[in-house]
Amino acid sequence: MVHGHEPKRVLITGGAGFIGSNFLLRMVPRYPSIQFVNLDKLTYAGNLTNLRGIERADNYMFVRGDVADPALVASLFSTHKFTSVVHFAAESHVDRSIMAPLAFTRSNTLGTVTLLEAARQVWAGKAAGARRFLHVSTDEVFGSLGHDSLFTEETPYNPRSPYSASKAAADHFVRAYAHTYKLPVSISNCSNNYGPYQFPEKLIPLVIMRAAHGQPVPVYGQGDNVRDWLHVADHCEALDLILHMGAPGETYLVGGSNECTNLNLVTTLLDLVDEQLGHPKGHSRSLIQFVPDRPGHDFRYAICADHLRQSLGWQPRYTLESGLRQTVAWYLSHMDWLQSVTDRSYMDYFQSQYGMA
């Protein structure tokens, strides 16, 4: 059964980040009658240049601020009378969470509860169909898989890093508010995203950037960890469907059905960079440097997205091959953007740890 929700005034949190900016670039021109307010703290991974295509749109505005600031969030709800929330804002890098777990707890868990509480206060007594809180989460809350099986909506939670623990806690709070206060919520848990505007601490843009400059490419352990890769455009299509047609109280898993070991992924990216830059075949493979594995590195993630496909009719457009080819071409044509947002402290961390030049 498809449930209808008609967003009118939507709060987007973290809309200057990777997935959030791709979502806004899709939604603002697609739905000119819907008002979008983008709340973003503009930490290292938030970049307003991602949103130049919509910054002057009549149905879009930006507010700089912290989702964990109760006064600000309450004021925004009071002023704009939001009908909907799509909550992206989160610290998302596992390595950073290992170094700074308290920052992840504040942003990912406390920030989510702050939003839920504001929504509860303003939406009390309103019809559930007229309101919706869409919480965007991760498959990492389920822990690590072996060689077989897939995550489903019924998989028990088993977070194994400070990042995934903070997101798992946020998911639990969302469900608790739905049960206790009857807040109309939906939760999505997605696999690893890739595509345009991803901050270059993440594997795919990091590999592309370093390969383009002939710099060493770090691979944890032996590179045999497996991830399910989802193009950000396919993820945004799923979120659009969930926001408009998802059932309140439901969880939807979003995965690309594109499993790949980290080493195979890196090798494919290096070959695509060589192809698109006119280098000899295999030229960049020598850049791979195996580095000591990170603590608690989960072996495999993989999602069964049957519930989303069957209930809302979602289908991904990108195969891993077509998506990676498009992504490499985008970054190589946006090297100025990529270099401008590079976090030197993160690169220095790798260099100090692993002696990379």
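For the structure itself, look to the data block above.
Let me sum up the structure you'll find in this document. (Residues numbered from 1 in each chain as written. Predicted model: local features only at pLDDT ≥ 70, side-chain atom pairs only at ≥ 80, totals over all residues. Heavy atoms only, no water.)

## Quick look at the overall build of the chain
Phase 1 of the analysis: Counting secondary structure elements, the chain contains 12 helices and 12 strands.
Phase 2 of the analysis: Along the first, second and third principal axes, the C-alpha atoms of the chain reach 65 × 45 × 40 Å.
Phase 3 of the analysis: Every one of the 357 residues in the chain was classed for burial, and the buried ones make up 56%.
Phase 4 of the analysis: When contacts within the chain are restricted to residue pairs at least 6 apart in sequence, long-range pairs at least 24 apart make up 83% of them.
Phase 5 of the analysis: Accessible area of the chain: about 14600 Å², with a carbon and sulfur share of 53%.
Phase 6 of the analysis: Between the mean site of the 30 positive side-chain charges and the mean site of the 33 negative ones, the chain shows a separation of 6 Å. (Helix = DSSP H or I, 4+ residues; strand = E, 2+ residues; numbered from the N terminus. Buried < 20%, exposed > 50% of the residue type's maximum accessible area, 1.4 Å probe, protein only. Contact = heavy atoms within 4.5 Å. Areas by Shrake-Rupley, 256 points an atom, 1.4 Å probe, with all protein chains shown as cover. Lys, Arg positive; Asp, Glu negative; His and termini not counted. Charge placed at Lys NZ, Arg CZ, Asp CG, Glu CD.)

## A short note on the packing of aromatic side chains
Phase 1 of the analysis: Throughout the structure, instances matching the rule amount to 15 aromatic pairs.
Phase 2 of the analysis: Relative to Tyr301, the ring of Phe151 has its centre 6.3 Å away and its plane inclined at 40°; by these criteria the two rings are tilted. Taken together, the positions of Phe151 in the loop between β5 (132-138) and α5 (162-181) and Tyr301 in the loop between β12 (288-291) and α9 (306-312) put the pair 150 residues apart, joining distant regions of the chain. Across the pair, Tyr301 and Phe151 agree in class, each one buried.
Phase 3 of the analysis: Pairing Tyr177 with Tyr181 gives two aromatic rings, centres 4.8 Å apart and planes at 55°, and the pair type is tilted. With Tyr177 and Tyr181 both in helix α5, this residue pair falls 4 residues apart, about one helical turn.
Phase 4 of the analysis: By relative accessible area, Tyr177 is classed as buried at 9%.
Phase 5 of the analysis: Looking at Tyr181, the relative accessible area reads 38%, which means it is partly exposed.
Phase 6 of the analysis: Every member of this aromatic cluster is reached through a ring pair, and the members are Phe142, Phe151, Tyr157 and Tyr301.
Phase 7 of the analysis: The ring of Tyr44 has Arg96 lying over it, and the distance from NZ or CZ to the ring centre is 3.8 Å.
Phase 8 of the analysis: Lying across the ring of Tyr181, Arg120 places its NZ or CZ 4.3 Å from the centre. (Phe/Tyr/Trp six-rings, centres within 6.5 Å; stacked < 30°, edge-to-face > 60°. Lys NZ or Arg CZ within 6 Å of the ring centre and 35° of its normal.)

## Some remarks on the environment of Lys81
Phase 1 of the analysis: Following the sequence through the fold, Lys81 ends up in the loop between α2 (70-80) and β4 (84-87).
Phase 2 of the analysis: In this structure Lys81 comes out as partly exposed when scored by relative accessible area, which is 46%.
Phase 3 of the analysis: Here the alpha-carbon distance between Lys81 and Arg9, two residues 72 residues apart in the chain, equals 7.0 Å.
Phase 4 of the analysis: Dropping the residues within four chain positions of it, Lys81 is found in contact with Arg9 and Leu76.

## Observations concerning the environment of Ser186
Phase 1 of the analysis: Assignment of secondary structure puts Ser186 in strand β6 (residues 185-190).
Phase 2 of the analysis: If sequence neighbours within four positions are ignored, Ser186 has contacts with Arg132, Phe133, Leu134, His135, Ile242, Ala247, Pro248 and Glu250.

Honestly, it's all geometry; don't read function into it.
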